[in-house]
Amino acid sequence: MAVRLVILASGRGSNFSAIAEAIRQKKIPGAEIVGLVSNNPEAPALLLAREKGIPTTIIDAKSFGRGKLFDRASYESALIEVVHRLSPDLICLAGYMLLLGESFLKHWPNQIVNIHPSLLPSFRGLRAQKQALDYGVQWTGCTVHWVNEELDGGPIIAQEILEVLPQDDEDSLSTRLLEVEHRTYIKALGMLCSQAYQIDGRRMRWNP
Ligand code: GAR
C-alpha cells in the first residue's frame, strides 16, 4: 500500500518539487503525493502541483481575517476537513508559514513533518538563515523534524550541515542551503516510508 503524503505549502514550493521529483524517480519507495494544500492563493507551489497533475486545494487564510482578527479556529477546521478527506499517512510541511494549532496537531499525532533551514534547536522561527549569519556561526544546516505544539521544537528526524562562507549574505546562504534541504527532506522521507521506526522521547529509533 502506498504511503499517502499530503503537502502543505505557502510559497515557492521548491521542497515540494524536489519531493515530487524524487518520488517520480522512485527514490522514496512506496510514497505517493495525494494532494497539496495552500493557505495562499498566489503560491507558486500550486502551479507546480497542477503541472504535475497533483490535486490542489486553496484555503485562503486571508479570508478568515487578518492580524488580530484572524479566526484561527475556523481556518483550522477548514484545513482539517480538507486534509482529512485526503487520508494522509504523513503530512509534509514544505515552506508552510502558518502555525498549526492544537486542534490540527491532535488529529495527526506523530504524522506531521517539517523542514527548517537551521540546525535546530538553534535559530527557530522566521529567517533562520539571517539569524545564523547575524550570530556569526561558521556552520549551519537544516533539520527535518516532527511537528508538535512548540515552534520548530519536535523530535529531530534528520539533519545536514553546511559551511557558512565569509562572503555569504542571506540570499546566497539560503540558496546554497536550499539544495541541502531538498536532499535532507528526500532522505528523511525515504527512511520514514521504508523503515520501521519508533519515536522514543526525542530520539528516533530506526528498525527497533
Ligand atoms: C525553505 O527554506 C524552508 O526550509 C523554509 O521556507 C523555505 C520554503 O522554500 N521553511 C521555514 O522557514 C519554516 N519554518 P520552498 O517553498 O521553496 O520549499
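Just so we're clear, the structure is a prediction, and the values are computed from it rather than from any experiment. (Residues numbered from 1 in each chain as written. Predicted model: local features only at pLDDT ≥ 70, side-chain atom pairs only at ≥ 80, totals over all residues. Heavy atoms only, no water.)

Around the ligand sit Arg 12, Gly 13, Ser 14, Asn 15, Gly 95, Met 97, Ile 115, His 116, Pro 117, Asp 152, Leu 178 and Glu 181, and that is every residue in its neighbourhood. Between the ligand and Gly 13 there is a distance of 2.8 Å, counted from an oxygen atom to a backbone nitrogen or oxygen. Residue Glu 181 places a side-chain N or O atom 2.7 Å away from an oxygen atom belonging to the ligand. Relative to its free-state accessible area of 450 Å², the ligand is covered by the protein chains to the extent of 89%. Among the secondary structure elements, those contributing two or more residues to the shell around the ligand are helix H1 (14-24), strand E5 (112-116) and helix H6 (170-194). When grouped by side-chain class, the residues that make up the shell around the ligand number 4 nonpolar, 5 polar and 3 charged. (Near = heavy atom within 4 Å. Polar contact = N/O pair within 3.5 Å; in protein donor to acceptor, adjacent residues only side chain to side chain. Areas by Shrake-Rupley, 256 points an atom, 1.4 Å probe, with all protein chains shown as cover. Helix = DSSP H or I, 4+ residues; strand = E, 2+ residues; numbered from the N terminus. Nonpolar A, V, L, I, M, F, W, Y, C, P; charged D, E, K, R; others polar.)

Quick look at the environment of His 107 now. Structurally, His 107 is set in helix H4 (residues 102-107). On the basis of relative accessibility, which here comes to 38%, the residue His 107 falls in the partly exposed class. Along the sequence, His 107 and Ile 59 sit 48 residues apart, while their C-alpha atoms lie 18 Å from each other. With residues near it in sequence (within four places) discarded, His 107 still touches Ile 80 and His 84. (Buried < 20%, exposed > 50% of the residue type's maximum accessible area, 1.4 Å probe, protein only. Contact = heavy atoms within 4.5 Å.)

The next point concerns the packing of H1 against H6. Here H1 crosses H6 at 45°, and the two axes come no closer than 9 Å. Here H6 runs oblique to H1, going by the angle between their axes. Seen from above, H1 lies across H6 with right-handed handedness. In contact with Ser 14, Asn 15, Ala 18, Ile 19 and Ala 22 of H1, H6 contributes Leu 178, Glu 181, His 182, Tyr 185, Ile 186 and Leu 189. Taken together, the residues that form the contact of H1 with H6 break down as 7 nonpolar, 3 polar and 1 charged. (Axes fitted to C-alpha atoms, helices over the stretch in contact; angles between N-to-C directions. Parallel < 35°, antiparallel > 145°, perpendicular 65-115°, else oblique. Left-handed = near helix turned anticlockwise from the far one by under 90°.)

A full pass over the atoms with the stated rule returns 8 salt bridges. Residue Glu 170 is joined to Arg 127 by a salt bridge in which the shortest nitrogen-to-oxygen separation is 2.7 Å. A residue pair is termed long-range when its members are at least 10 positions apart, and Glu 170 in helix H6 and Arg 127 in the loop between E5 and helix H5 (128-135) qualify at 43 residues. The exposure class assigned to Arg 127 is partly exposed, which follows from its relative accessible area of 49%. Here Arg 176 ties to Asp 168 by a salt bridge, and the two come within 2.4 Å at their closest N and O atoms. Taking the relative accessible area as the measure of exposure, Arg 176 reaches 26% and is therefore partly exposed. (Salt bridge = Lys/Arg side-chain N within 4 Å of Asp/Glu carboxyl O.)

Now for the sheet that holds strand E2 (residues 31-38). Strand order in this open sheet of 7 strands is E3-E2-E1-E4-E5-E6-E7, and the pairing throughout is mixed. Lying at the two open borders of the sheet, with one neighbouring strand each, are strand E3 (56-58) and strand E7 (156-163). In this sheet, adjacent strand axes meet at a mean angle of 20° when their direction is disregarded. Direction of pairing for strand E4 (residues 90-93) relative to E5: parallel, over a ladder of 3 bridges. Residue pairing across strands places Cys 92 opposite Val 113, the latter belonging to E5. Its contacts with the sheet put H1 on strand E1 (3-9), E2 and E5, and the angle it makes with E2 is roughly 160°. (Pairing = 2+ DSSP bridges.)

All right, on to the domain arrangement of the protein then. Often, the extent of an interface is quoted as the loss of accessible area upon association of its parts. Considered domain by domain, the protein is made up of domain 1 (1-108) and domain 2 (115-208). Each side of the interface is counted separately: domain 1 has 16 residues, and domain 2 has 17 residues. Around 1,400 Å² of area is buried between domain 1 and domain 2 when both sides are counted, 77% of it from carbon and sulfur atoms. Considering only the side of domain 1, the residues that lose the most area to domain 2 are Asn 15, Leu 90 and Leu 105, jointly responsible for 32% of the buried surface there. Connecting domain 1 to domain 2 are 0 salt bridges. Put simply, domain 1 and domain 2 have 3 residue pairs in polar contact (both at pLDDT 80 or more) between them. Of all the secondary-structure elements, those providing two or more residues to the side of domain 1 that touches domain 2 are E1, H1 and E4. Counting residues per element, the side of domain 1 that touches domain 2 draws most heavily on H1, which supplies 5 residues. Taken together, the residues that form the side of domain 1 that touches domain 2 break down as 13 nonpolar, 2 polar and 1 charged. (Domains from an automatic or database assignment. Buried area = accessible area lost by both parts, 1.4 Å probe.)

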